[in-house]
Amino acid sequence: MSAVHEKSDAAVEEKQVALSYDVLSQAGHVEGVGRDYELKCNLINRCFQEEIGFGRYQWQLFVITGLGWLADNLWLQGLAIVLPQVQQELNPVRVEYAVLAEFAGLIVGATTWGIMADLIGRRLSFNITLFLTGLFGLAAAGAPNFVTFCSLIACMGFGVGGNLPVDGALYLEHIPQSHQWTLTLLSVWWALGQLVASLISWGFIANFSCNPSIPSGQCATSANMGWRYTLYTLGALTLLMFVCRFFVFDVQESSKFLVAQGRDEEAIKVLEHIARRNGKTITLKLEDLQAVSGATTSNQAPNLSTSVRNVFSGMSLSHIRPLFSSRRLAINTTLIIVIWGLIGIAYPLFNAYLPLYLSAQGSASGSSSVSETYRNYSIVSVLGIPGSLIACATVDYTRGTGRWLVGGRKLVLALSTMLTGLFLFLFTTSQTTAAVLGYSCASGLTQYAMYGVLYAYTPEVFPAPHRGTGDALCSALNRIGGFIAPLIKIATTPLSGSASANTANSPVFVSAALFMVAAVLTILLPIETAGRMAL
């Protein structure tokens with residue numbers, strides 16, 4: 001009897017070793033990760049691709065993570081939308097300080113939540129960010145003065161800053177390679193964020209705002225409630241998103257994060273749970289993962305106090321060094337971080353003040369209606385959705401099958417970024433409201449195509465054990481760029497902070513030039529992720 005058991009155990013071990021070597025033979029070594037993790041990750045990827053598939057769980061996760069992306073742009077554009085009315089009522093020295101406060105919060109939030117995702121897991125950051133965003137967003141709507149308003153906006157930025165780096169990583173680690181293109185599709189939610197914010201503001205601000213001819217500081221709060229109603233609505237929507245995430249959908253921890261922490265048993269349970277939700281079963285066993293490293297036991301999940309200690313004790317370079325572990329990876333990491341930084345300056349330099357630019361051009365042409373300004377802003381917002389869809393349709397299907405790559409992430413990213421710069425250069429030559437609106441719509445289309453690819457490429461190019469940190473570095477530099485953008489705006493516009501048909505051109509010209517530089521750097525990226533399975 002014991003001989004039979006020994007023969008059976010030997011057969012199982014032989015199968016597990018063969019499976020490991022089979023997986024290894026199908027994938028070259030990936031820079032920045034250990035061999036054991038790479039083998040386990042390939043086993044998990046094959047499980048997702050061949051057994052779990054893309055089903056009910058993934059579609060629900062697509063919606064839930066999409067809400068986080070929606071919230072990010074909802075508040076980025078939401079603040080931009082209310083700036084003219086905030087300036088008219090609260091009469092700050094420079095209204096751009098509100099954008100500075102927002103990006104200060106975004107910098108800290110992106111760094112904190114992204115690094116925490118690699119240290120204690122994706123779920124905590126994923127669940128708490130929307131709660132903080134909604135809470136402080138609601139509070140900002142009731143601010144009695146500009147200093148209080150900026151303080152609360154900074155706290156809101158701290159919450160919303162973690163959405164993009166964490167949500168993208170969590171989604172990518174729960175889908176099969178055949179559906180990684182849906183990560184680009186997530187950018188549709190980001191475009192929807194701007195559209196929702198513009199439609200809400202159009203309804204409230206157009207009907208509950210002071211006449212634009214009233215000087216700043218002489219607009220009574222009771223006659224200018226539109227921007228407050230807008231922020232109350234955005235805050236309530238964000239808290240509703242949090243309820244959907246925390247109480248309605250059962251978000252699972254990333255199996256790739258768990259195996260990176262040595263918690264193989266929990267990783268298998270996560271995969272089995274997702275398979276059940278999809279109506280599938282899996283053949284991957286705990287023994288298969290343990291055979292890779294030779295371990296016979298799994299690490300246990302730390303309690304809350306241990307997790308908190310890990311956050312502070314783990315704040316080292318252990319998740320940063322692997323991102324520069326080879327010359328090729330170091331060049332790619334440096335370039336993608338710089339690209340994020342340049343776009344971080346260029347994007348808000350134009351978009352964060354677009355309502356001011358549209359209003360200024362309307363005044364110059366004799367049409368200064370608040371309703372018309374926000375109508376035009378809504379039209380520009382609509383164009384973001386097809387931009388994201390265009391990016392989704394081209395990132396995979398334009399690639400060649402021979403030695404030379406035609407398309408892929410890098411080409412689409414470079415082309416859309418370059419076109420954005422071109423349309424903004426043309427924006428500076430506009431003499432009519434129609435031209436301003438036309439070039440704004442064109443740049444809106446290409447900007448969202450650009451962001452759709454950028455948000456897909458970035459988490460794909462970083463391995464899962466360090467993905468949160470890599471995303472956090474990119475997002476943090478992007479937010480630092482956003483912090484610099486108001487300083488450029490302050491330096492190139494009058495003391496009042498308002499734009500005129502002529503002064504609007506200076507910051508827009510800088511924005512266009514930075515987009516062009518980012519496009520050139522994109523071409524130099526050495527790593528293409530199209531058609532490659534993410535670890």
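Quick caveat: nothing in here was measured; it's all calculated off a predicted structure.

Reading the values: rules and limits
Residues numbered from 1 in each chain as written. Predicted model: local features only at pLDDT ≥ 70, side-chain atom pairs only at ≥ 80, totals over all residues. Heavy atoms only, no water. Axes fitted to C-alpha atoms, helices over the stretch in contact; angles between N-to-C directions. Helix = DSSP H or I, 4+ residues; strand = E, 2+ residues; numbered from the N terminus. Parallel < 35°, antiparallel > 145°, perpendicular 65-115°, else oblique. Left-handed = near helix turned anticlockwise from the far one by under 90°. Contact = heavy atoms within 4.5 Å. Disulfide = S-S within 2.5 Å. Buried < 20%, exposed > 50% of the residue type's maximum accessible area, 1.4 Å probe, protein only. Phe/Tyr/Trp six-rings, centres within 6.5 Å; stacked < 30°, edge-to-face > 60°. Salt bridge = Lys/Arg side-chain N within 4 Å of Asp/Glu carboxyl O.

(A) Highlighting the packing of helix α17 (residues 370-382) against helix α20 (residues 433-461). Orientation of α17 relative to α20, taken along the N-to-C sense of each, is 30°, at an axis distance of 9 Å. With respect to their mutual orientation, α17 and α20 come out roughly parallel. As α17 packs across α20, the resulting crossing turns out to be right-handed. For the pair α17 and α20, the contacting residues are E372, N376, I379 and V380 in the first and T433, L437, S440 and C441 in the second.

(B) Spotlight on the state of the cysteines. In the structure shown here, the tally under the stated rule is 1 disulfide. The side chain of C210 participates in a disulfide bridge whose partner is C219; the two sulfur atoms lie 1.9 Å from each other. An S-S torsion of about 85° defines the bridge between C210 and C219 as right-handed. Its relative accessible area of 5% is what places C219 among the buried residues.

(C) Examining the environment of L61 more closely. As for its placement among the helices and strands, L61 is situated in helix α3 (residues 56-90). Sequence separation of L61 and V251 is 190 residues, and the distance between their C-alpha atoms is 7.7 Å.

(D) Region of the structure containing the packing of aromatic side chains. Within this structure, the stated rule accounts for 25 aromatic pairs. A ring pair is formed by F204 and Y229, whose centres lie 5.7 Å apart and whose planes are at 55°; its orientation type is tilted. A residue pair is termed long-range when its members are at least 10 positions apart, and F204 in helix α9 (residues 187-205) and Y229 in helix α10 (residues 226-248) qualify at 25 residues. Overall, F204 belongs to the partly exposed group, its relative accessible area being 26%.

(E) Structural context of the packing of helix α5 (residues 122-141) against helix α7 (residues 163-172). Put simply, α5 and α7 touch, their axes get as near as 10 Å, and they point 135° apart. Comparing the axis directions of α5 and α7 gives the class oblique. In this structure, α5 crosses over α7, and the sense of that crossing is left-handed. On α7, the residues touching R122, S125, F126, T129 and L130 of α5 are N163, V166, D167, A169 and L170.

(F) How the structure looks around the environment of A491. With respect to the secondary-structure elements, A491 resides in helix α21 (residues 467-492). The spatial distance from the C-alpha of A491 to the C-alpha of P507 is 8.9 Å, given a sequence separation of 16 residues.

(G) Quick look at the pattern of salt bridges. Throughout the structure, instances matching the rule amount to 10 salt bridges. When the shortest N-O distance is used, the salt bridge between E173 and R122 registers 2.7 Å. Placement of the pair is E173 in the loop between α7 and α8 (182-185) and R122 in helix α5, with a sequence separation of 51 residues. Both residues of the pair, E173 and R122, belong to the buried class. Here R409 makes a salt bridge to E460, at a shortest N to O gap of 2.7 Å. Of this pair, R409 sits in helix α19 (residues 408-427) while E460 sits in helix α20, placing them 51 residues apart in sequence. Residues R409 and E460 agree in their burial class; the two are buried. Through salt bridges that share partners, R94, E96 and K489 make up one connected network.

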